[in-house]
Every structure is written in C-alpha cells, then in structure tokens.
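For reference, the chains in residue letters:
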Amino acid sequence: MAETLFSFAGQDMAIDLGTANTLVYVRSHGIVLNEPSVVAINSQNGKPLAVGMEAKRMIGRTPANITAIRPLRDGVIADFDITEKMLRYFIQKVHRRKWARPRIVVCVPSGITPVERRAVEEAAYHAGARRAYTIEEPMAAAIGSGLPIGEPSGSMVVDIGGGTTEVAVISLGGIVVSRSIRVGGDELDTAIIDWIKKEHNVLIGERTAEQLKMAVGSAWPYADEPSAEVRGRDLVTGLPKTILLSSPEIREAIEEPAQAIVDAVKYTLDKTPPELAADIVERGIVLTGGGALLVGLDHRLAHETGMPIVTAANPLQSVVLGSGKCLEEFEALHSVLASSARP
Ligand code: ADP
Ligand code: MG
C-alpha cells in the first residue's frame, strides 16, 4: 500500500517511533520522512485506510465507519497490531527492495516491556531488516542533542513528547537515573479542552487545542503576550461559537500538567548522585522533544530547579538524529543498542 518515496534500498535506517510523530533517518542521507504517528482504520474490516499526515487530518472528522488511531498515544504501545502496520508502512515507504537487507534501529519508549521490544524488532525483520536494533529514547535524545554520553560525567536530558515526558541522567554510556511520566503535550491539549469547557461552556476539538497551545500557550509570563480566537461548540445552545482567549488564561489551563513535568525533573535531580549533579550544574539540563518548544518552559524550569536549562537545537529531531548517529558511527556507538537475532 505504501508507494516508495525514494529508493534507499539497502541503506541502514533509524526510526523514531514517537507517540506523536514518526521520523525516519537513512544512513548518509539524513531525515527522509517525518509524519504523525496516526493510522486511520476502516472499522468494518480493520484495514488501514491512511497513515501519517493524511490520517492526522481525519482526527475528529471521521464518519462512523472510520477511526483515526494513535497506536502509541500514551507512550506504551497501546495497540500493537496497528503499531506494527504503521511501522511497516513507514519502512516500506523508504525501502522496498526485499533483496537488500539494511540494519534498522528503532527508538522505543524506555517503559517498553521485553515482549513489546521483541515485537518491534520482529516488525523490522518482517519489513526486511538484516538486523533489527532498539535504542531507548532518552539515550537517543542525549546523543542527538550532542551530549557526551560516553564520558564519566553526568548529562541530564528531558524529552517531552506527545504522550510522555522522559527524564534521564546518563553517564558512561548508560542511564543512571530516570523517570518516565505519562504526561506530555497531549495532556496540555486535554487540559486546555477541559478548562475551556469549564470556564466558557464551549467544547473545542483536540487539534484546535493543540494549535491554541502552540500559538498562545506558555509556562512563564513574557512581554507582549498574544491572544487567540477559537471556534467550538457552545454547550448551552449547541451552536458554533467563537471565543477570545488570552495567554494568561491558557497558562492557567495547563498549569497542572506543566507542574507535573517540572516535578518529574525535580524528582530525578533529587535521585541523582552528587558527583553527577555537579556535572549537570555545569552543563545544564537539556530540553528536547516537541514539548520543549512550549514558550517559557525553560524559564519555568530554571526558576524551579536553579539549574541552567538548554533547549536542544532541533527538539523534534534529537531522537532520530541520535539514533541515526548510532548507524553512522556504528562501531563506536553500537553498545547503546539492544538486539536479538532474526527469528
Ligand atoms: P513524540 O516523540 O512523542 O512523537 P514529539 O517530540 O514529536 O513527540 O512532540 C510532539 C508534541 O510536541 C506534541 O504534543 C505537540 O503538540 C508538541 N509541540 C510541538 N510544537 C510545539 C510548540 N511550538 N509548542 C508547544 N508544544 C509543541
Ligand atoms: Mg519522542
């Protein structure tokens, strides 16, 4: 069903299987695919109708016989069958020729079970991998953000994705302390929906909430804060209604999940051995994942932890770039990858 995008046959590839977005990196080419992790399913026969961008446009707009599913939504693989279909679709989109067998590295959430990890590898083998590897998300994010993971020195990375926030302290190529919470960008969107429902009696959709968050959302006050108009359904009259929302209102709406993210960072700092904590004071905490783009989150974290905060250069790409680097520098970095042989 996937038409091949480019013919990168035989080229090793790295995949960031994110809860919100999937990215594919091809060795010596860089990032070749970046699409939402969404699958639209025909609910009558269970067959996928659309994957990625096209499927995301359908969220909240489907008739009864179509469902738009985010199979990884909460960070764990909620629907394995659909995750596998999606993974195969994306792999086949960049690699079709069955006789060329690439190495495939798939980045997985750190809370994944061994069974799920094995199933991800199997999906990669089915799609034609010579050898399938997995890498844990915080490790990939740290490599992709340019942190010196192999040194005997502590680095802290906070990856705020759609479904989860993963905080990890890395030293000597391994994760020393970590914390993963099921709060990420999606929770901020839901909090906005709930708040508008409660304060304005208006119901807005998920995609509208996400757009509102990106346009006027923030975690710390700033100068010249914008406002935005949103359209939803008035819960009293049942009719469409437009309301004007200010930045402080949205900040209030997302306060609870924003604080949960801050608390996860503080908790991890508290569990960090003192020598490594001293390294982090020097280097700063690195923020990555799409949630790192929330305006003022860096100031908020700096204020609450007293640590310097550095936002990664490309927060939405750190993980796939880190996984890709493991392919480019396979000899030096393969110790951070896990793999079982082809079944
Ligand atoms: P995942 O790795 O789980 O797929 P991503 O790292 O791709 O997640 O980040 C996706 C999340 O980042 C979404 O919740 C999205 O709304 C959020 N996001 C993206 N851009 C911004 C922005 N400018 N401001 C706030 N949140 C953003
Ligand atoms: Mg991610």
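Fair warning: this is a prediction, and the values are worked out from it, not measured in the lab.

Novice: Quick rundown of the sheet that holds strand β13 (residues 227–234)? Include the residues and the values.
Specialist: With antiparallel pairing, the 3 strands of this open sheet are ordered in space as β12-β13-β14. Among the strands making up the open sheet, the edge pair consists of β12 (202–203) and β14 (240–246). With 7 bridges joining them, β13 and β14 adopt antiparallel strand pairing. Bridging across to β14, Gly232 finds its partner in Lys241.

Novice: Can you lay out the site of ligand 1 for me, pointing to particular residues and giving the numbers?
Specialist: Neighbouring ligand 1 are 17 residues; Thr19, Ala20, Asn21, Glu210 and Lys213 lie closest to it. Interatomic distance of 2.7 Å between a backbone N/O atom of Ala20 and an oxygen atom of ligand 1. Side-chain polar atom of Lys213 to an oxygen atom of ligand 1: 2.7 Å apart, as the coordinates give it. Burial of ligand 1 by the surrounding chains reaches 89%, relative to a free accessible area of 580 Å². For the shell around ligand 1, the secondary-structure elements that each account for two or more residues are α5 (185–200) and α6 (206–216). The dominant element in the shell around ligand 1, judged by the number of residues it contributes, is α6, at 3 residues.

Novice: I'd love a proper account of the packing of helix α2 (residues 80–94) against helix α3 (residues 114–126), names of residues and values included.
Specialist: Orientation of α2 relative to α3, taken along the N-to-C sense of each, is 35°, at an axis distance of 9 Å. In this structure, α2 crosses over α3, and the sense of that crossing is right-handed. On α3, the residues touching Phe80, Glu84, Leu87, Arg88 and Ile91 of α2 are Glu116, Ala119, Val120, Ala123, Ala124 and His126.

Novice: Hey, could you go over the nonpolar core for me, with residue numbers and the actual values?
Specialist: If you look at soluble globular proteins, the nonpolar side chains tend to sit buried side by side. Counting 41 residues, the largest nonpolar core has Ile192, Ile196, Ile204, Leu212 and Ile285 as its most contacted members. Setting aside its immediate chain neighbours within four residues, Ile192 contacts Ile204, Ala209, Leu212, Lys213, Ile250, Ala253 and Ile254. With 30 residues, the next largest nonpolar core counts Leu17, Val24, Val106 and Ala127 among its residues.

Novice: Give a detailed account of helix α9 (residues 274–283), specifying residues and quantitative values.
Specialist: Along α9, the residues that are buried comprise Leu276, Ala277 and Ile280. Take α9 and look down its axis: the buried residues cluster within an arc of 105°, on one side only. Turned more than 90 degrees off the buried face of α9, the exposed positions are Pro274, Glu275 and Glu282. Turning to α9, the residues buried within the fold contact β9 (155–160), β10 (165–171), β11 (174–181) and β15 (285–288). Just downstream of α9 lies Gly284, where phi reads positive at about 90°.

Novice: Just give me the short version of the sheet that holds strand β6 (residues 66–69), but keep the residues and values in it.
Specialist: Here 3 strands make up an open sheet; going across it, the order is β5-β4-β6 and the pairing antiparallel. Each having just a single partner strand, β5 (48–51) and β6 make up the two edges of the open sheet. On average, each strand axis in the sheet is tilted by 20° relative to the strand beside it, whichever way the strands run. Here strand β4 (residues 39–42) pairs with β6 via 4 bridges, running antiparallel. Paired with Ala40 across the two strands is Ala68, which belongs to β6. Packing against the sheet, α2 makes contact with β4, β5 and β6, and its axis sits at approximately 55° to β5.

Novice: Explain the packing of aromatic side chains to me, using residue names and the numbers behind them.
Specialist: For the structure on display, the rule yields 2 aromatic pairs. With a centroid separation of 5.6 Å and 75° between ring planes, the pair formed by Tyr89 and Phe90 is classed as edge-to-face. Tyr89 sits in the buried class, given a relative accessible area of 12%. Judged by its relative accessible area of 0%, Phe90 falls in the buried class. For the ring pair Tyr133 and Phe330, a centre distance of 5.5 Å and an interplane angle of 70° mean the geometry is edge-to-face. Highlighted residues: Tyr133 in strand β8 (residues 131–136) and Phe330 in helix α12 (residues 330–333), separated in sequence by 197 residues. Take Tyr133 and Phe330: they sit in the same class, and that class is buried. The lysine or arginine in question, Arg103, covers the ring of Phe330, its NZ or CZ lying 3.8 Å from the ring centre. The aromatic ring of Tyr267 is capped on one face by Arg179, whose charged end is 3.8 Å from the ring centroid.

Novice: Pulling in residues and values, what's your account of the pattern of salt bridges?
Specialist: Opposite charge on two side chains allows them to pair when their charged atoms are near. Taken as a whole and judged by the stated rule, the model has 18 salt bridges. Among the salt bridges present, the one from Arg70 reaches Asp186, with a minimum N-O distance of 2.9 Å. Of this pair, Arg70 sits in the loop between β6 and α2 while Asp186 sits in helix α5, placing them 116 residues apart in sequence. With a relative accessible area of 12%, Asp186 lands in the buried category. One salt bridge in this structure joins Arg118 and Glu121, with 2.9 Å as the shortest N-O distance. A residue pair is termed a helical-turn pair when its members lie 3 or 4 positions apart in one helix, as Arg118 and Glu121 do in helix α3 at 3 residues. Of the residues examined, Arg118 reaches a relative accessible area of 26% and is grouped as partly exposed. On the accessibility criterion, Glu121 (2% relative accessible area) is buried. Members of the salt-bridge network, linked through shared partners, are Glu255, Lys266, Arg300 and Glu304.

About the criteria used
- Residues numbered from 1 in each chain as written.
- Chains lettered and ligands numbered in written order.
- Predicted model: local features only at pLDDT ≥ 70, side-chain atom pairs only at ≥ 80, totals over all residues.
- Heavy atoms only, no water.
- Pairing = 2+ DSSP bridges.
- Helix = DSSP H or I, 4+ residues; strand = E, 2+ residues; numbered from the N terminus.
- Near = heavy atom within 4 Å.
- Polar contact = N/O pair within 3.5 Å; in protein donor to acceptor, adjacent residues only side chain to side chain.
- Areas by Shrake-Rupley, 256 points an atom, 1.4 Å probe, with all protein chains shown as cover.
- Axes fitted to C-alpha atoms, helices over the stretch in contact; angles between N-to-C directions.
- Left-handed = near helix turned anticlockwise from the far one by under 90°.
- Contact = heavy atoms within 4.5 Å.
- Core = buried A, V, L, I, M, F, W, Y, C linked by side-chain atoms within 4.5 Å.
- Buried < 20%, exposed > 50% of the residue type's maximum accessible area, 1.4 Å probe, protein only.
- Arc of directions from axis to C-beta.
- Phe/Tyr/Trp six-rings, centres within 6.5 Å; stacked < 30°, edge-to-face > 60°.
- Lys NZ or Arg CZ within 6 Å of the ring centre and 35° of its normal.
- Salt bridge = Lys/Arg side-chain N within 4 Å of Asp/Glu carboxyl O.

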